[in-house]
Amino acid sequence: MTENGDFAALFTPFALAGKTLRNRIAHASMSTLSTPLGRVTEREINYHASRAEGGAALSVTEPLGMMRHQAGLPRLQVWRRDDADGLKRLADAVEGRDCRLLGQIQDAGRGRHFPGRNPEAIGASALPDDLSWTVPRALTAAEIRALIAEIAESAAYLQACGFSGVEISGGHGHLFHQFLSPHSNRRDDEYGGDWDGRTRIVAELVAALRDACGTDFIVGLKLPGDDGMAGSIGPAEAAVIADHLTRARNVDYVCFAGGAHARTLEMHTPDRHGPPMPYMHFIKELQSSLNGVPLMALGRITDPAEADGILARGEAQLIGMGRTLLADPAWPEKARTGRSWDIRYCLSCNTCWGTIVQQRQPVACVNNPRVGLADEADYWPERTDDPKRITVVGAGIAGMEAAWTAAARGHRVTVLGASEEPGGKARLREQLPGGETVSSIYDYQTAAAERAGATLVLGRRATADDIIALNPHRVILATGSTMIPPDWLPPDVQAEGWVRDLRDTLPDILPITARQPGTAVLYDTDHTEATYAAAEALNARFARTVIVTPRDAIATDVPMVTRQGILRRAAEQRIETVTLAEVRWTDAAAEGRLECVNIYNGDVTVIEDLALLTYATPRAPDDALAGPLRNAGIDVVTVGDARAPQEMLFATASGHAAGVGE
Ligand SMILES: Cc1cc2nc3c(=O)[nH]c(=O)nc-3n(C[C@H](O)[C@H](O)[C@H](O)COP(=O)(O)O)c2cc1C
């Protein structure tokens, strides 16, 4: 394939505010939580420099602290004017790689994703946030004008530090969105009342930015395209807003986002249970409301051919990608140079969201263990001067990540896997609803392992003697984990094998094509995403599915963007739940009557017509080989579930660290 070969539209340069973009690819703003102390960090520079190095023509930062009242947030505190050196280094690192750097302007207003309420919240009207029920303090008109002036001064400071522009985040249910929406803006002054009033704050902000920074400073605008809420902003209202805010033709591009701080938060980062490019239907329609201002398409665009098609068909002029470029910062360069096969694709699993919102940690990615490291873009390990014989036991995603990286380092790597194909339990997840994208992890790893010269010996469970016979210097043990049977399950029933864990049960259930009579019961003390994908698979095969859990709700360990979809689909598919309950085993279970007992008051719920009982429970590491191998004097490193059973993020991260020798 020639350079630019198949994707000519994607790699056609474009001009914005008199600046040249080398191609049409933009990194969409993603909160990275890499500046906890409000000052530029190496991680922050690495993150954006890597997206530039990987070929993006424009990169929008995470929201910046542009206003004094944002002082307590873990964002770059631009308003303090005390880190010009850091901001300049950030701008140089990105702009020096021919990528335009834009700072994002955003305030969450009344919006809040995590428990509790925000006492500092400001808003259009004193009405509750739809998620956290935080009631903000309504800004006065004078405060709004002061806030606009403050932002414009901070933008001028960014410009002086070498930034090419800013993006106003007017979507996602944040402060500006709250002003735009009739649902949250009930003001009767000049900043409310009608579309002129509700769009005024953004229109005045754009004008102030122009005054402060001139016309050769990029001003982008992210607007709600459809927030999914009754009485708020659907595509028709979005068209009116877009028209109002582009009439003056003083913004350089517009992009549209989905969802709000509400039950529609899941539309914010559409996941793998929905179609690819889910915003395109309204994006295409909204183009005609932009008064000729360039449109950036956004939302689960993961594939170069899809991106190129959008541009070639004239549906947009730019392509914005958040998670796609998180997963692989070199996506643009790989697409440009005919290496699309080498892309580590985004799974749309929203693990990244969980890392920042739930764990309050720097953003991380299942399919990119090097986020924020200096050599992240198009990473290939450096060769070692001291090659060793390394045996990786287990060909799941932890073992395969260790295998390809260790082999690429120049070690002589043999992988011993029990299954016929690499991928381990991730392969099972791939067969469940919303699992299609998972193969991207092990497909990349397998191809990379082959390229790096690892030897794969699959289809036989290795014994300690098999491994010792290979005389390895080091063993990387990636042998996974097993679900711990729940206390209520009598050992003899377990031995009979008719109540098995979910992972043992699914291979027998998945081939069933016709719906079976009876009830499938899933006892759940796992609460991770895969369990509910499995519940959907059970529900498609049994007349009724009931999830029983001792917690007060299901999916409590899943980040809210993903959890909303789990709860919605469970409701739509009529999957039932019995919460705050434990199973009580009685002989009646064998006749199809299962008793569930409320953990607080002892009330019994009987589930009739039991056709299948399975459980998803905490897992214990399968690390029995570690002892004998260590006794034989071999250096053993455990990774993935064999070290500490967790989600896929830990599997690839720990495998990667072991493989590269970090
Ligand atoms: C972890 C994460 C953090 C995000 N943070 C922001 C943000 O701070 N500001 C913003 O405008 N959008 C943010 N977004 C939304 C993205 O910019 C983008 O609109 C959305 O993810 C859909 O695009 P994608 O499918 O290419 O990721 C975030 C998305 C994710 C997954």
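Analysis parameters
Residues numbered from 1 in each chain as written. Predicted model: local features only at pLDDT ≥ 70, side-chain atom pairs only at ≥ 80, totals over all residues. Heavy atoms only, no water. Near = heavy atom within 4 Å. Polar contact = N/O pair within 3.5 Å; in protein donor to acceptor, adjacent residues only side chain to side chain. Areas by Shrake-Rupley, 256 points an atom, 1.4 Å probe, with all protein chains shown as cover. Phe/Tyr/Trp six-rings, centres within 6.5 Å; stacked < 30°, edge-to-face > 60°. Helix = DSSP H or I, 4+ residues; strand = E, 2+ residues; numbered from the N terminus. Buried < 20%, exposed > 50% of the residue type's maximum accessible area, 1.4 Å probe, protein only. Lys NZ or Arg CZ within 6 Å of the ring centre and 35° of its normal. Core = buried A, V, L, I, M, F, W, Y, C linked by side-chain atoms within 4.5 Å. Contact = heavy atoms within 4.5 Å.

## Brief notes about the site of the ligand
- Around the ligand lies a shell of 20 residues, among which Ser29, Ser31, Arg300, Gly322 and Arg323 are the nearest.
- Within the contact set of the ligand, an oxygen atom lies 2.6 Å away from a backbone nitrogen or oxygen of Arg300.
- At 2.8 Å from an oxygen atom of the ligand is found a main-chain nitrogen or oxygen belonging to Gly322.
- About the coverage of the ligand: the protein hides 98% of its 610 Å² of free accessible area.

## Observations concerning the packing of aromatic side chains
- All told, the structure shown has six aromatic pairs when counted by the stated rule.
- Taking 5.7 Å as the distance between ring centres and 80° as the angle between the ring planes, the aromatic pair formed by Trp404 and Tyr444 counts as edge-to-face. Pair noted here: Trp404 is in helix α12 (residues 397-408) and Tyr444 is in helix α14 (residues 439-452), with a separation of 40 residues, a long-range link.
- Overall, Trp404 belongs to the buried group, its relative accessible area being 1%.
- The class for Tyr444 is buried, based on a relative accessible area of 8%.
- Taking the centre distance of 5.7 Å and the plane angle of 50° together, the rings of Trp498 and Trp585 count as tilted. With Trp498 in the loop between α16 (491-496) and β18 (500-501) and Trp585 in the loop between β22 (581-584) and β23 (594-598), this pair connects stretches of sequence that are 87 residues apart.
- A relative accessible area of 37% means that Trp498 is categorised as partly exposed.
- One aromatic cluster is present, built from ring pairs that chain together Trp488, Trp498, Tyr523 and Trp585.
- Geometry around Tyr47 places Arg51 over its ring, the cationic atom sitting 4.0 Å from the centre.
- The ring of Tyr157 carries Arg81 above its face, with NZ or CZ at 5.1 Å from the centroid.

## Observations concerning the nonpolar core
- Among the nonpolar cores identified, the biggest contains 84 residues, and Leu10, Met66, Ile105, Ile168, Leu223, Phe256 and Ile319 are the most heavily contacted of them.
- Those residues in contact with Leu223, other than ones at most four positions away along the chain, are Gly170, Gly171, Leu180, Ile241, Ala242, Leu245, Val254, Cys255, Phe256 and Ala257.
- Within the second largest apolar cluster, 44 residues are counted, among which are Ala520, Ala537, Val546 and Ala616.

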